[in-house]
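Architecture at a glance
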Amino acid sequence: MPDLQRRREAAGIAWGHSQAHIGPVMDQSQALPEVAHQSVRFEDGLTLDCGRHLARLTVAYRSYGQRNADSSNAILICHALTGDQYVAETQPVTGKPGWWNAVVGPGKPVDTDRYFVICANVLGGCMGSTGPSSPHDERPYEPWGTEFPAVTIQDMVRAQKLLIDHLSITRLFAVIGGSMGGMQALTWAALYPEAVFAAVPVAAAAYHSAQNIAFHEIGRQAIAADPFFYGGRYWAEGVTPERGLAVARMTAHITYVSEAALTRKFGRRLQHATDLTLLGDRFEVESYLEHQGSSFVRRFDANSYLAITRAMDLFDLAADHGGALADAFRGTKTRFLLVSFSSDWLFPTAQSRAIARALNHVAANASFVEIMSDKGHDAFLLDEPDFHRTLSGFLAGCAEHARLS
Amino acid sequence: MNHSAPVQFVAKNMRVDLRLIAGMVAERSRVLDIGCGDGTLIDHLFRTKQCDARGLEIDMAEVTRAVTHGLPVMQGDADSDLANYPNAAFDYVILSRTLQAVERPREVLRQMLRISTYAIVSFPNFGHWTLRLQLLLRGRMPMTRTWHRMWFETPNIHPCTIQDFFDLCTQDGYHVEQWLAADEAGARAPWRRYPGLANLFGEQGLFLLRKA
């Protein structure tokens, strides 16, 4: 660790007063911990939207609950930008509870006593599925790094479809996801309508807005500006661009919460001080953000962050259908539930409403609910009883129509 | 439910009203219920007539309640959202006691008969004798069990009488397949053959329309 510190200094990184606070970030080991993930390997690989072919494809996944006799009770959960397949169990790297424990589990809205729940790490991710840290196709002795081809949300969904086929599931009872997971749920319904009985895009959008792309670009720039990024070959140097990745996370985190939530949680309170007398004195919200940044770099790969944010930016479902979103869903039999949160300014209600309109255009069976919440975009991950009741009610209604025993 | 929230439409005395409407709907048909509230009618139509019934409701709390009960309901507005549906998407579109509260009733009717073969419309009758009498004797806006909100806060901005509605149907070329007048509880009134009498004694009108 002292060695790392020296290298930092040699690299000319000036930390200023924040060095003390960001300290824990610097003290972490350079590489992400090696954890074995449950996965399937597809020897035929996958041809991507960009035209490149991945010779090797691995899809890491987890499942919960039991499948019924005809495998008609399978629900696919799609995770968000920095999520993973550990939906409802301890995350092996962080040791923290599953990211959607509030929603998925026995007796929960996505009831694992009733449904067979699957979640796969997305293509481009860093929790066992093929991504920038996987072995390079041509030079397997080193990772892809920034040479990893550009992937799209559609590519992610195609990789998941291979997994679902591998599990011998012909039709998913439901595909559910929030944020980028919602983009995947929409894509599933558009690409494989026959294979999706119900789709639940939560706090989602049919395209990534200019504002959202802009925020992502700040994050990518922060990573690229980190002297330890080494043009994406940080793994060769035995380091990680932790500071850049942490700043990316901090910026993104602001977009996940609402002003009201930040005010309620922190207001203008100071940490361990009554007044901002010293340069090191800080607001509570500052230390909170730094904590968000520093805990993130321990579990996420910077190149994965670049790849996945890009995939989100590229997402524009209407553009893939001649500019008419409705055409993505023409003739669909899938039942939809769209959910937005009133204080979400990253994926605002207007975005869900636009999807609802497109579904009306093709007279699709769609429900649309805006949940009143002041928790911002993150509300979909948190304890929102109205959302949870809506989701479980919708699934129960669908189960009746699907004659799910 | 939040009782302090503004009431969007007149209170719906649904039970009998619904039965009358449901009686007009064919089995296994495609139905859109505009202003569906908590979805009682679409649930009824699905369970008793195997209809593919959906709802549109302006009040988000009601939408949430309906979806929580597994019903396909979308938050939306009769005035602005019907234009999004394709032609002939439904067999029946229902507007139950909502016509008087929309901004452009004529356009809403036009949209209903564009997206659906039949339109079922019910509305509280402003021609009822108690209203006429109150206005005549007191010279003030009438207050009855149906029209129970003060003029300055009522959401019912386009009241009409049964006769008015007949006139509009003639004017816009809608064929009245069925009609009846009912009291507030929804019981059929015996004067259904005589629009003049129905207009005087019926508390609400119920119409089944299609394009002529």
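Since the structure is predicted, the reported quantities are computational estimates derived from the model, not experimental observations.

With that settled, the discussion passes to the overall build of chain B. For chain B, the helix and strand inventory stands at 8 helices and 7 strands. Across the 212 residues in chain B, those meeting the buried criterion constitute 46%. Considering only contacts within chain B whose residues lie at least 6 apart along the sequence, 65% involve residues at least 24 apart.

This paragraph deals with the overall build of chain A. Along its length, chain A carries 12 helices and 14 strands. Against the compact-globule benchmark of 22 Å for 405 residues, chain A has a radius of gyration of 21 Å, which places it among compact chains. Over its C-alpha atoms, taken along the principal directions, chain A stretches across nearly 65 × 55 × 40 Å. Counting only residues that meet the buried cut, chain A has 50% of its 405 residues in that class. A fraction of 71% describes how many contacts in chain A between residues 6 or more apart in sequence connect residues 24 or more apart.

Another point: the confidence of the model for chain A. Of the residues in chain A, 92% have a pLDDT of 70 or more, and the chain-wide mean is 91. Low pLDDT, under 50, characterises residues 4–29 of chain A; the stretch is placed with 28 contacts to residues that sit more than four places away or in other chains.

Between helix 12 (residues 385–401) of chain A and helix 3 (residues 60–68) of chain B, the least distance of the axes is 7 Å, while the angle of their chain directions is 40°. Here helix 3 of chain B runs oblique to helix 12 of chain A, going by the angle between their axes. Residues A:Asp386, A:Arg389, A:Thr390, A:Gly393 and A:Phe394 of helix 12 of chain A form the contact with helix 3 of chain B, whose own contacting residues are B:Thr64, B:Val67 and B:Thr68. Residue composition of the contact of helix 12 of chain A with helix 3 of chain B, by class: 2 nonpolar, 4 polar and 2 charged.

Reports often express the size of an interface as the amount of accessible area lost when the parts come together. Facing the 18 residues of chain B at the interface are 22 residues of chain A. Of all the elements in the fold, those that place two or more residues in the side of chain B that touches chain A are helix 3 and strand 3 (73–75) of chain B. Classifying every residue of the side of chain B that touches chain A gives 10 nonpolar, 6 polar and 2 charged.

Okay, the packing of helix 3 (residues 153–166) of chain A against helix 4 (residues 180–191) of chain A next. Residue and element names in this part refer to chain A. Where helix 3 contacts helix 4, the two axes come as close as 9 Å, and the packing angle between them is 70°. Between helix 3 and helix 4, the angle falls in the class roughly perpendicular. As for how helix 3 packs across helix 4, the hand of that crossing is right-handed. Facing helix 3, whose interface residues are Ile153, Gln154, Met156 and Val157, helix 4 presents Met183, Gln184, Thr187, Trp188 and Leu191. Looking at side-chain class alone, the contact of helix 3 with helix 4 contains 6 nonpolar, 3 polar and no charged residues.

Before going further, it helps to spend a moment on the environment of B:His44. Summarising the element assignment, B:His44 is placed in helix 2 (residues 40–49). For the pair B:His44 and B:Ala22, spaced 22 residues apart in the sequence, the C-alpha separation amounts to 8.0 Å.

For the rest of this paragraph, the subject is the domain arrangement of chain A. Residue and element names in this part refer to chain A. According to the domain assignment, chain A contains domain 1 (2–26 + 218–299) and domain 2 (39–207 + 315–401). Using C-alpha coordinates to define each centre, domain 1 is positioned 30 Å away from domain 2. Every contact between the two is made by 11 residues of domain 1 and, on the other side, 14 residues of domain 2. Only helix 7 (242–256) and helix 8 (259–265) provide two or more residues apiece to the side of domain 1 that touches domain 2. Residues of the side of domain 1 that touches domain 2, tallied by class, amount to 6 nonpolar, 3 polar and 2 charged.

Each regular strand carries side chains that alternate between the two faces of the sheet. All names here are of chain B. Of all 6 residues in strand 2 (residues 52–57), 5 are buried, a share of seventy percent or more. Between the parallel pair strand 1 (residues 30–34) and strand 2, the chain is carried across by helix 2, and the sense of this crossover is right-handed. Pairing of strand 2 with strand 3, which is carried by 3 bridges, proceeds in the parallel orientation. Counterpart to Leu56 in the pairing with strand 3 is Met74.

By the burial criterion, the buried members of helix 5 (residues 105–115) of chain B are B:Pro105, B:Val108, B:Leu109, B:Gln111, B:Met112, B:Leu113 and B:Ile115. The secondary structure elements touched by the buried residues of helix 5 of chain B are helix 4 (78–81), strand 4 (90–96), strand 5 (116–124), helix 7 (162–172), strand 6 (174–182) and strand 7 (204–211) of chain B.

Residue and element names in this part refer to chain A. Extensive coverage of strand 13 (residues 335–341) is indicated by the burial of 7 of its 7 residues. Neither face of strand 13 is left uncovered, since the one carrying Arg335, Leu337, Val339 and Phe341 and the one carrying Phe336, Leu338 and Ser340 both have all their residues buried. With 3 bridges connecting them, strand 10 (residues 196–202) and strand 13 associate as parallel partners. Each residue of the ladder has a partner; that of Ala198, found in strand 13, is Arg335.

In this section: the nonpolar core. Ranked by internal contacts, the top residues of the largest apolar core, which has 173 residues, are A:Ile75, A:Leu172 and A:Ala174. Apart from residues no more than four positions distant in its own chain, A:Ile75 is found in contact with A:Val110, A:Tyr115, A:Val117, A:Leu172, A:Phe173, A:Ala174 and A:Ile176.

Basis of the calculations
Residues numbered from 1 in each chain as written. Chains lettered and ligands numbered in written order. Predicted model: local features only at pLDDT ≥ 70, side-chain atom pairs only at ≥ 80, totals over all residues. Helix = DSSP H or I, 4+ residues; strand = E, 2+ residues; numbered from the N terminus. Buried ≥ 20, exposed ≤ 12 C-beta atoms within 10 Å, placed from the backbone. Contact = placed C-beta atoms within 7 Å. Rg over C-alpha atoms; globule rule 2.2 N^0.38 Å. pLDDT = per-residue confidence, 0-100. Axes fitted to C-alpha atoms, helices over the stretch in contact; angles between N-to-C directions. Parallel < 35°, antiparallel > 145°, perpendicular 65-115°, else oblique. Nonpolar A, V, L, I, M, F, W, Y, C, P; charged D, E, K, R; others polar. Left-handed = near helix turned anticlockwise from the far one by under 90°. Domains from an automatic or database assignment. Right-handed = clockwise from strand over helix to strand, strands pointing away. Pairing = 2+ DSSP bridges. Core = buried A, V, L, I, M, F, W, Y, C linked by C-beta atoms within 7 Å.

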